[in-house]
Amino acid sequence: MAFISLLKPLPTIKSRLNKECVLCNLRSELSIPQPYINSAQIKEVREKYRLHEKDTGSPEYQIAALTVRIAYMTAHVKKNPKDYSSTRGLIAMVSARKKLLRYLRSQNKDRFLKICLGLKIRIQKSQL
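Just so you know, these numbers come straight off a predicted model, no measurement behind them. (Residues numbered from 1 in each chain as written. Predicted model: local features only at pLDDT ≥ 70, side-chain atom pairs only at ≥ 80, totals over all residues. Heavy atoms only, no water.)

K.L.:
I keep staring at the packing of helix H5 (residues 84–107) against helix H6 (residues 109–119) and nothing clicks. Help me out?
P.N.:
Any two packed helices are characterised by how steeply their axes cross, that is the angle between the axes, and by the distance between the axes. The contact between H5 and H6 brings their axes to 5 Å, and the two run at 135°. Taken together, the axis directions place H5 and H6 in an arrangement best described as oblique. For the pair H5 and H6, contact is made by Leu101, Leu104, Arg105 and Gln107 and by Lys109, Arg111, Phe112, Ile115 and Cys116, respectively. A per-class count over the contact of H5 with H6 returns five nonpolar, one polar and three charged. (Axes fitted to C-alpha atoms, helices over the stretch in contact; angles between N-to-C directions. Helix = DSSP H or I, 4+ residues; strand = E, 2+ residues; numbered from the N terminus. Parallel < 35°, antiparallel > 145°, perpendicular 65-115°, else oblique. Contact = heavy atoms within 4.5 Å. Nonpolar A, V, L, I, M, F, W, Y, C, P; charged D, E, K, R; others polar.)

K.L.:
How should unusual backbone geometry be read in this particular structure?
P.N.:
Negative phi characterises most residues that are not glycine, and trans characterises most peptide bonds. Residue lysine 120 is not a glycine yet carries a positive backbone phi of 60°. Exposure remark for lysine 120: the relative accessible area of 75% places this residue in the exposed category. (Buried < 20%, exposed > 50% of the residue type's maximum accessible area, 1.4 Å probe, protein only.)

K.L.:
Help me out: how do you make sense of the pattern of salt bridges in this one?
P.N.:
Side chains that differ in charge, positive against negative, can pair when their charged atoms come close. For the structure on display, the rule yields two salt bridges. Among the ionic pairs, arginine 50 bridges to glutamate 47, the shortest N-O distance being 3.5 Å. Arginine 111 is paired through a salt bridge with glutamate 60; the nearest N and O atoms lie 2.4 Å apart. Pair noted here: arginine 111 is in helix H6 and glutamate 60 is in helix H4 (residues 59–79), with a separation of 51 residues, a long-range link. Residue classification places arginine 111 among the partly exposed positions, given a relative accessible area of 30%. With a relative accessible area of 5%, glutamate 60 lands in the buried category. (Salt bridge = Lys/Arg side-chain N within 4 Å of Asp/Glu carboxyl O.)

K.L.:
For this particular structure, what's the right way to read the confidence of the model for the protein?
P.N.:
A low pLDDT means the predicted coordinates there should not be read in detail. Scored by pLDDT, the protein has a mean of 85; 77% of the residues are at 70 or more. At the level of individual helices and strands, the protein shows its lowest average pLDDT in helix H1 (residues 2–7), which scores 53, and its highest in H5, which scores 97. (pLDDT = per-residue confidence, 0-100.)

K.L.:
Would you take a moment to explain the packing of helix H3 (residues 34–49) against H4 for this structure?
P.N.:
Running from N to C, H3 and H4 point in directions that differ by 155°, and their axes come no closer than 9 Å. Judged on the interaxial angle alone, H4 and H3 are roughly antiparallel. Remark: the crossing between H3 and H4 carries right-handed chirality. Contacts between H3 and H4 involve Gln34, Pro35, Asn38, Gln41, Ile42, Val45, Arg46 and Tyr49 from the former and Glu60, Tyr61, Ala64, Ala65, Val68, Arg69 and Tyr72 from the latter. A breakdown of the residues in the contact of H3 with H4 according to their chemical character gives nine nonpolar, three polar and three charged. (Left-handed = near helix turned anticlockwise from the far one by under 90°.)

K.L.:
What exactly am I supposed to notice about the nonpolar core here?
P.N.:
One recurring pattern in soluble globular proteins: nonpolar side chains tend to sit buried together. One finds Val45, Tyr49, Ile63, Leu101, Ile115, Leu119 and Ile121 to be the most contacted residues of the largest nonpolar core, which totals 21 residues. Those elements that place two or more of their residues in this core are H3, H4, H5 and H6. In terms of residue count, the dominant contributor to this core is H4 (eight residues). When sequence neighbours within four positions are dropped, the list of residues in contact with isoleucine 63 reads Arg97, Leu100, Leu101, Leu104, Ile115, Leu119 and Ile121. (Core = buried A, V, L, I, M, F, W, Y, C linked by side-chain atoms within 4.5 Å.)

Structure representation (structure tokens):
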């Protein structure tokens, strides 16, 4: 039996590195899926910008959710530039957020500025 164990190759640095790379790849495959992270971010932002407990329609609530979705879709479109359906959806979301921001600015400028600063939305000087 001692003879058989001598035939077994001793572990080398290269084989250890390969095992570590396999473990790293396995960890990256088992990570949390991006859509799940995105939905969690949307829930978190909605909770932050909600006006009251049952709020689902206020401009702040909708703008906050759209901003997170726009960030996710922007990253997706950068990775997949030929995905024209997603690009079209991204443009629609940006347009919807723009309309909501315009409405909020016309109704209450303080709330408009607060949400723009909180979500880091760029605005023109003419909108101040």
